[in-house]
Amino acid sequence: MPPFVRALLRLAVPTSLLAQAPAPPEPSRAIDWEKLRGETAQALADYMKINTANPPGNEIEGALFLKGILEREGFEVQILDTAASVLGPRRPNLYTRLKGSGAKKAIALVHHIDVVPADTRYWTVDPYGGVIKDGYVYGRGALDMKGEGIAHLMAMIALKRSGVPLTRDILYIANSDEELGSTGAIALVEHHPELLRDVEFLITEGGNNPIVDGKLQYYGVSVAEKRTFWQRLTVHGVPSHGSRPTKHNPVPKLVRALNKLGSYETPLHVTPGVEKYFRDISRSYTGEQRAWLANIRRAVTIPRARQWLQSDVYWNAILRNTISLTVLQGSNKTNVIPAEATADVDIRLLPDQNPDSVLGVLTRLVNDTSVHWRTLLAPKTPLENPVNTDLFSAIERASRDRDPDALVTTYMLTAATDRPTYRRLGIITYGLSPFKVDAADNQRGVHGNDERVSVENVAFGVKYVYDILRYAQ
Ligand SMILES: [Zn+2]
């Protein structure tokens, strides 16, 4: 790109926030970032050696590990077993706080201790071995989200060690059971709201700073996420021998219903965060594509633009409610007409959608009273967060320190996190990735195989979060 074009683009970036930003609080003792990098990579490797695959979770071991590190640094740590009545023993939440003056409200750094199980057959290293090789820390949880938890931890430790004067308390929270039921976060919010009373902002997973072909695409701060609305469709019939077809076979009825659902095109719908995301990224495009992205509300009415937008699976998923047919069950024997056929459907709603009206549309579409619908997973609180905040400005500033031309935009997560649970308390919750991750690593590693994060990234993440927390004071 010619320098003058870049200069013009820079002018388009709102610089008012940067210009007005007050000087951030400085450390009173120097930080040895090189030493901290080694400590961080080792802490992450050790954390991943603790198998917290959920089920069964066994988060207590991870919590005790974090507690040990925090107590050596002089933190008072609480292990809260309030989720025990639901989850059983050994599945607590961890909580601690770095005190500020209290002049402003607190910021919470939140991660989940549990990870999804790893199928060791498809890994080239032991997923619970804490392997560091070729400049990468390998293990289940490297990206989702023990890596983020350790970046939070070491950033907070760096603030404490260096004596940065804080106006806001920094909370450090590690939850159990995010991957299955969100039970840990729910128990914390329901049983210990007093611990969160002064929290204005919360940072957790859900952001994405993707690298494609070696180039950072943007810093994506997640301000919204899709809502899961899983449905089970059941059709009852009369069991009999497959050699004598009857009208009471539930399978064809279910197939007809699924066919309608599978071919249904849900309407395109633009939410505010998504509109900003497309407007922001339009600067990286040229010609008509740039014009389409800059005015996405108009673009979704233009057939060619629609087609282009929908060809990207991520863009498609942030522009509409989605329906994926996933689990199917009929007979388990070829010559038996079953008594029942069921299908589970993974429906994901945009944040502002009314679940009852969507369900109304789908049941009318299927239009068959012999198909029974049951909600398997009801949507959490809608999640859409403001962006004109001190914390968002701090994230923009810390990001542009590192990549002066970087886009900092609002990314919508298509999956679900614990954020809606905290949002219920009025806390502004951002999904922030402390890493710049190659898109291929993300795709392969998260819930997949050979999950890894580079040591360079881990060091980057600690300093990035440290700066964000300083700038947000
Ligand atoms: Zn996660």
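Residues numbered from 1 in each chain as written. Predicted model: local features only at pLDDT ≥ 70, side-chain atom pairs only at ≥ 80, totals over all residues. Heavy atoms only, no water.

1. As for the packing of helix α16 (residues 390-402) against helix α19 (residues 455-471)
Helices that pack against each other are described as a pair by the angle of their axes relative to one another and the distance between those axes.
Next up, step 1: Two elements in contact, α16 and α19, have axes whose closest approach is 8 Å; the angle formed by their N-to-C orientations is 135°. Compared by their axis directions, α16 and α19 come out oblique. Of the two possible hands of crossing, α16 and α19 adopt the one that is right-handed. Residues Leu-391, Ala-394, Ile-395, Arg-397, Ala-398, Ser-399, Asp-401 and Arg-402 of α16 form the contact with α19, whose own contacting residues are Phe-460, Lys-463, Tyr-464, Asp-467, Ile-468 and Tyr-471.
Next up, step 2: Considering only residue class, the contact of α16 with α19 consists of eight nonpolar, one polar and five charged. (Axes fitted to C-alpha atoms, helices over the stretch in contact; angles between N-to-C directions. Helix = DSSP H or I, 4+ residues; strand = E, 2+ residues; numbered from the N terminus. Parallel < 35°, antiparallel > 145°, perpendicular 65-115°, else oblique. Left-handed = near helix turned anticlockwise from the far one by under 90°. Contact = heavy atoms within 4.5 Å. Nonpolar A, V, L, I, M, F, W, Y, C, P; charged D, E, K, R; others polar.)

2. What about the packing of aromatic side chains?
Next up, step 1: Overall, the coordinates contain 16 aromatic pairs when judged by the stated rule.
Next up, step 2: Geometrically, the ring pair formed by Trp-292 and Trp-308 is tilted, given 5.8 Å between the ring centres and 45° between the ring planes. Taken together, the positions of Trp-292 in helix α11 (residues 287-294) and Trp-308 in helix α13 (residues 303-310) put the pair 16 residues apart, joining distant regions of the chain. Each member of the pair, Trp-292 together with Trp-308, is buried.
Next up, step 3: An angle of 15° between the planes, with centres 4.9 Å apart, marks the rings of Tyr-314 and Tyr-411 as stacked. Taken as a pair, Tyr-314 in helix α14 (residues 313-318) and Tyr-411 in strand β18 (residues 408-413) lie far apart in primary sequence, 97 residues in all. As far as burial versus exposure is concerned, Tyr-314 and Tyr-411 are alike and both buried.
Next up, step 4: Through successive ring pairs, a cluster of aromatic residues spans Tyr-218, Tyr-277, Phe-278, Tyr-285, Trp-292, Trp-308, Tyr-314, Trp-315 and Tyr-411.
Next up, step 5: Sitting over the ring of Tyr-471, Arg-397 keeps its end group 4.5 Å from the ring centre. (Phe/Tyr/Trp six-rings, centres within 6.5 Å; stacked < 30°, edge-to-face > 60°. Buried < 20%, exposed > 50% of the residue type's maximum accessible area, 1.4 Å probe, protein only. Lys NZ or Arg CZ within 6 Å of the ring centre and 35° of its normal.)

3. A word on the sheet that holds strand β8 (residues 210-212)
Next up, step 1: Strands sit in the order β9-β8-β20 across an open sheet of three strands; the sheet is mixed. At either end of the open sheet lies a strand with only one pairing partner, and these are β9 (215-216) and β20 (437-438).
Next up, step 2: Bridge count for β8 against β20 is two bridges, and the pairing is parallel. When the sheet's bridge partners are listed, Pro-210 is paired in β20 with Val-437. (Pairing = 2+ DSSP bridges.)

4. Topic: the nonpolar core
Next up, step 1: Counting residues in hydrophobic clusters, the biggest one holds 93 residues, and the most contacted among them are Phe-278 and Leu-309.
Next up, step 2: Top contributing element to this core by residue count: α19, with 10 residues.
Next up, step 3: Ala-341, Ile-347, Leu-362 and Val-371 belong to the second-largest nonpolar core, a separate cluster that totals 18 residues. (Core = buried A, V, L, I, M, F, W, Y, C linked by side-chain atoms within 4.5 Å.)

5. Observations concerning the side chain of Glu-148
Next up, step 1: Its place among the elements puts Glu-148 in helix α6 (residues 146-162).
Next up, step 2: Nearest to the buried, unbridged Glu-148 among oppositely charged side chains is Arg-419, at 9.5 Å.
Next up, step 3: Not counting the four nearest positions on each side in its chain, Glu-148 is found in contact with Leu-143, Thr-204, Glu-205, Leu-432, Ser-433, Pro-434 and Phe-435. (Lys, Arg positive; Asp, Glu negative; His and termini not counted. Salt bridge = Lys/Arg side-chain N within 4 Å of Asp/Glu carboxyl O.)

6. Describing a nonpolar patch on the surface
Next up, step 1: Taken together, the side chains of Trp-230, Leu-376 and Leu-377 present a nonpolar region at the surface, about 230 Å² in accessible area.
Next up, step 2: Summarising the element assignment, Trp-230 is placed in strand β12 (residues 230-236).
Next up, step 3: Residue classification places Trp-230 among the partly exposed residues on the basis of a relative accessible area of 33%. (Patch = residues over 30% accessible without salt bridge, like charges linked within 9 Å, V, L, I, M, F, W, Y side chains within 5 Å. Areas by Shrake-Rupley, 256 points an atom, 1.4 Å probe, with all protein chains shown as cover.)

7. Here we look at the confidence of the model for the chain
Next up, step 1: On average, residues of the chain carry a pLDDT of 93, and 96% of them reach 70 or more.
Next up, step 2: Taken as a whole, residues 1-17 scores under 50 in pLDDT and shows 11 contacts with residues more than four places along the chain or in a different chain. (pLDDT = per-residue confidence, 0-100.)

8. Considerations on the environment of Ala-174
Next up, step 1: Among the secondary structure elements, Ala-174 is positioned in strand β6 (residues 170-175).
Next up, step 2: Assessed through its relative accessible area of 0%, Ala-174 is described here as buried.
Next up, step 3: Along the primary structure Ala-174 and Asp-346 are separated by 172 residues, whereas in three dimensions their C-alpha atoms are 28 Å apart.
Next up, step 4: Not counting chain neighbours up to four residues away, the residues in contact with Ala-174 comprise Leu-66, Asn-93, Leu-94, His-111 and Ile-113.

9. Focus on the packing of helix α4 (residues 59-72) against α6
Next up, step 1: Running from amino to carboxyl end, α4 crosses α6 at an angle of 15°, the nearest separation of the two axes being 11 Å. Our classification of the angle between α4 and α6 gives roughly parallel. Both α4 and α6 take part in a crossing whose hand is right-handed. Contact residues: Phe-65, Leu-66, Ile-69 and Leu-70 in α4; Ile-150, Leu-153, Met-156 and Ile-157 in α6.

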